[in-house]
Amino acid sequence: MLSLIDITQQFGDKILYEQLNLQVNKGEHVGLIGQNGAGKSTLIKIITGELLPDNGQVTMPKNCHMGYLDQYVEVDESLTIFEFLKTAFQKELDMEAQITAAYTEYAETMDDKLLERAGKLQTQLDQGDFYQMDTLIQEMASGLGLQVLGLDSVLKDLSGGQRSKVILAKLLLEKPDMLVLDEPTNHLDDTHVEWLKNFLQNFEGTFLVISHDRTFLDEITTHIADIEFGQLTKYTGNLTKALKQKEANRESYLRQYESQKKQIEKTEAYIRKYKAGSRSTMAKSREKQLAKVERLTPPSDAPKPNFQFPYQPIVSTLALTTDQLVIGYERPLLDPIQLTIRYGELIAIRGFNGIGKSTLLKTLIGQLEALGGDFQFPANTKVNYFSQDLVWEAPLETPIQYLGRMFEKATVKEIRRHLSQAGLVNQLAQEPLNQLSGGEQTKVKLAQMTMTPGNFLILDEPTNHIDQETKESLRESLRNYPGTVIVVSHEQEFYEDFVDRIVDIAG
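The rules we used
- Numbering of residues starts from 1 in every chain and runs along the sequence as written.
- Owing to the predicted nature of the model, reporting of local features is limited to residues with pLDDT of at least 70; listing and counting of side-chain atom pairs is limited to 80 or more, with chain, interface and lining totals taken over all residues.
- The basis for every side-chain value is the complete set of non-hydrogen atoms in the structure, without hydrogens or water.
- What makes two strands pair is DSSP finding at least two bridges between them.
- Elements are defined by DSSP. Helices are runs of H or I of four residues or more, strands are runs of E of two residues or more, and each kind is numbered from the N terminus.
- Only the contacting stretch of a helix is used when fitting its axis, a line to C-alpha atoms as for every element, and angles between N-to-C directions run 0 to 180 degrees.
- Contact criterion: two residues are considered in contact whenever any of their non-hydrogen atoms come within 4.5 Å of each other.
- Summary of the burial criterion: residues with accessible area below 20% of their type's maximum are buried, those above 50% are exposed, and those between are partly exposed, where the area comes from a 1.4 Å probe applied to protein chains only.
- Pairs were defined over the aromatic rings of Phe, Tyr and Trp, the Trp ring being its six-membered one, requiring ring centres within 6.5 Å. Orientation was assigned from the angle between planes: stacked under 30 degrees, edge-to-face over 60, tilted for the rest.
- Put simply, a charge is over a ring when the Lys NZ or the Arg CZ is close to the ring centre, within 6 Å, and near the line of the ring normal, within 35 degrees.
- Segmentation of the chain into domains, including their bounds, is taken from an automatic or database domain assignment.
- Note: buried area is the sum, over both parts, of the accessible area (probe 1.4 Å) each one loses when the two are combined.
- Pairs of N or O atoms within 3.5 Å make up the polar contacts considered here, provided that, within protein, one atom can donate a hydrogen while the other can accept it, and that residues adjacent in sequence are counted only when both atoms are side-chain atoms.
- Three classes are used: nonpolar for Ala, Val, Leu, Ile, Met, Phe, Trp, Tyr, Cys and Pro, charged for Asp, Glu, Lys and Arg, and polar for all others, with Gly counted as polar.

Looking at an unreviewed UniProt entry, the protein carries the name ABC transporter ATP-binding protein, with the source organism given as Enterococcus sulfureus ATCC 49903.

> Can you tell me about the sheet that holds strand E6 (residues 178-182), naming the residues and giving the values?
Sheet strands pair via backbone hydrogen bonds, and the direction of the pair is either parallel or antiparallel. Spatially, E5-E6-E7-E3-E8-E9 is the arrangement adopted by the six strands of the open sheet, whose pairing is mixed. Where the open sheet ends on each side, the last strands, each with one partner, are strand E5 (66-68) and strand E9 (231-236). Each neighbouring strand pair of the sheet contributes to a mean axis angle of 15°, computed without reference to strand direction. Where strand E3 (residues 29-33) lies against strand E8 (residues 223-228), four bridges are found, and the strand directions are parallel. Among the inter-strand pairings, Val30 is bridged to a residue of E8, identified as His223. On top of the sheet, helix H1 (residues 40-47) reaches E3, E5, E6, strand E7 (206-210), E8 and E9; it is set at about 145° to E7, its chief contact. Where helix H6 (residues 160-173) meets the sheet, its contacts fall on E5 and E6, and the angle it forms with E6 comes to roughly 165°.

> Got a sec to walk through the pairing of E3? Specific residues and values, please.
Burial runs high along E3: five of the five residues are buried. Note that E3 and E7 share four bridges and pair parallel. Bridging across to E7, Gly31 finds its partner in Val209.

> Which residues make up the packing of aromatic side chains, and what are the values?
Think of a pair of aromatic rings as described by two things: how far the centres are apart, and how the planes are tilted against each other in angle. In this structure the tally under the stated criterion is 11 aromatic pairs. Here Phe130 and Tyr131 contribute two aromatic rings whose centre-to-centre distance is 5.1 Å and whose plane-to-plane angle is 75°, an arrangement assigned as edge-to-face. The buried category is assigned to Phe130, whose relative accessible area is 6%. Arranged with centres 6.3 Å apart and planes meeting at 5°, the rings of Phe307 and Phe309 form a pair that is stacked. Of the two residues, Phe307 and Phe309, neither departs from the other in class, the shared state being buried. One aromatic cluster is present, formed by Trp195, Phe199, Phe203 and Phe207 through successive ring pairs. For Arg286, the ring lying beneath its charged end belongs to Tyr270, and the centroid distance is 3.9 Å.

> So what's going on with the domain arrangement of the protein? Residues and values would help.
Split into domains, the protein comes out as domain 1 (1-65 + 176-237), domain 2 (77-175), domain 3 (251-291) and domain 4 (318-504). A straight line from the C-alpha centre of domain 1 to that of domain 4 covers 29 Å. Taken together, the 18 residues of domain 1 in the interface contact 24 residues of domain 4. With both sides pooled, the region where domain 1 packs onto domain 4 buries about 1,700 Å², and carbon together with sulfur makes up 38% of that total. The largest contributions to the domain 1 side of the interface with domain 4 come from Asn36, Asn186 and Asp190, which together make up 33% of the buried area. Taken together, the links from domain 1 to domain 4 amount to six residue pairs in polar contact (both at pLDDT 80 or more). Going through the elements one at a time, helix H7 (190-201) and helix H8 (214-220) are the ones with two or more residues in the side of domain 1 that touches domain 4. Counting residues per element, the side of domain 1 that touches domain 4 draws most heavily on H7, which supplies three residues. Its residues assigned to classes, the side of domain 1 that touches domain 4 comprises two nonpolar, nine polar and seven charged.

Right, dumping it as structure tokens:
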């Protein structure tokens, strides 16, 4: 279904891949993994034709219908959700229009060929899902949680997350031969992740999916494609099996690398010692041999993230109280909220997508006004907030420039240290923000939090784009934080071990 042949891609001095190869066969369910910045999203852009590789080629069978989840695709924003989902059946809708046109023309010309043509088109419609269209749309909308928004809602009134779900629903309704999904669970809550998991497990076609949600990926994949050291390795089996095999391969690779490194150093020392002496001929011969050696790529030197959120002490028993708090935009999203959080509690807020979790957080930090009721933080509360949106006021700024503008008194050395502790090496610290991967941009925002003193952390979907190593480090930092923490995450696996309490607002 898909062949990547000798794909080479470089951005500036950074080589993402060198002669990377991948074959995806019919019916395979492939998960694409790799650390943040390994080039997963870039590879998706190469596969979908959005980006041309420096070298190599992408081949697919003729007439293969590829469906790609592009969360930023331009849509007609005047359509309702139902009208937009109907466009998944555009081919069938066009056929119906052709049948009507053929009958209309036949009434005037009595040309039997028109009846024959209409009959063939009608047979095609009868054999497909066209006459179940409304039912299929309702089922898909229910599965992905769109019913709660109202199918008569207009696209221009939707949030980014809601719009992403609508685009995913249309893509799945189209039933392409091959699905390409980049982080499909980012805007889904637990219930709808479960529904999507079941859908993909039963999907008869082929798919390639990027996801940092390990539980989800483990349960939907038959193969794993892993990018590391600028190369791609394909494993048979789900994520658990692939990671066991990868660890064995990695240990073998590191042994080979260390052995080769020692041999090269030994040869270079010999060349230096004898190049000008009596054994110069032998030394030159070894130099030529060394030049032909295909050197193994050194292991990644990316620092392991280590988040330390600065704590500003406060004396208080309660951290937050709400009194009949009403949240929403023009109309309430929820019943009035009565919530009391004790100081130092670690809280996870759960509830289906679109119910108002982000709206609640934005109300608490003052970005949105409450529609009614009240909430109160004790005096000297300093909130440190993480927003899930990767939107930058100046997208061409580098991380160093951005943090320098946010923290004018900070030295460049200090900013670099915070970025490095968040897992961004020097080279990435000098790339424009819009050139960084989603995971790397998230690390910039987390680095900003490590420069912001506070005693109340509020995080809205912090795990959306980050790799497993970064997640584990973030989890550990939140577990050890002496202040109060509220976290919203669709990954129960991320928060269930360290939170004291789960507040479910789905009522």
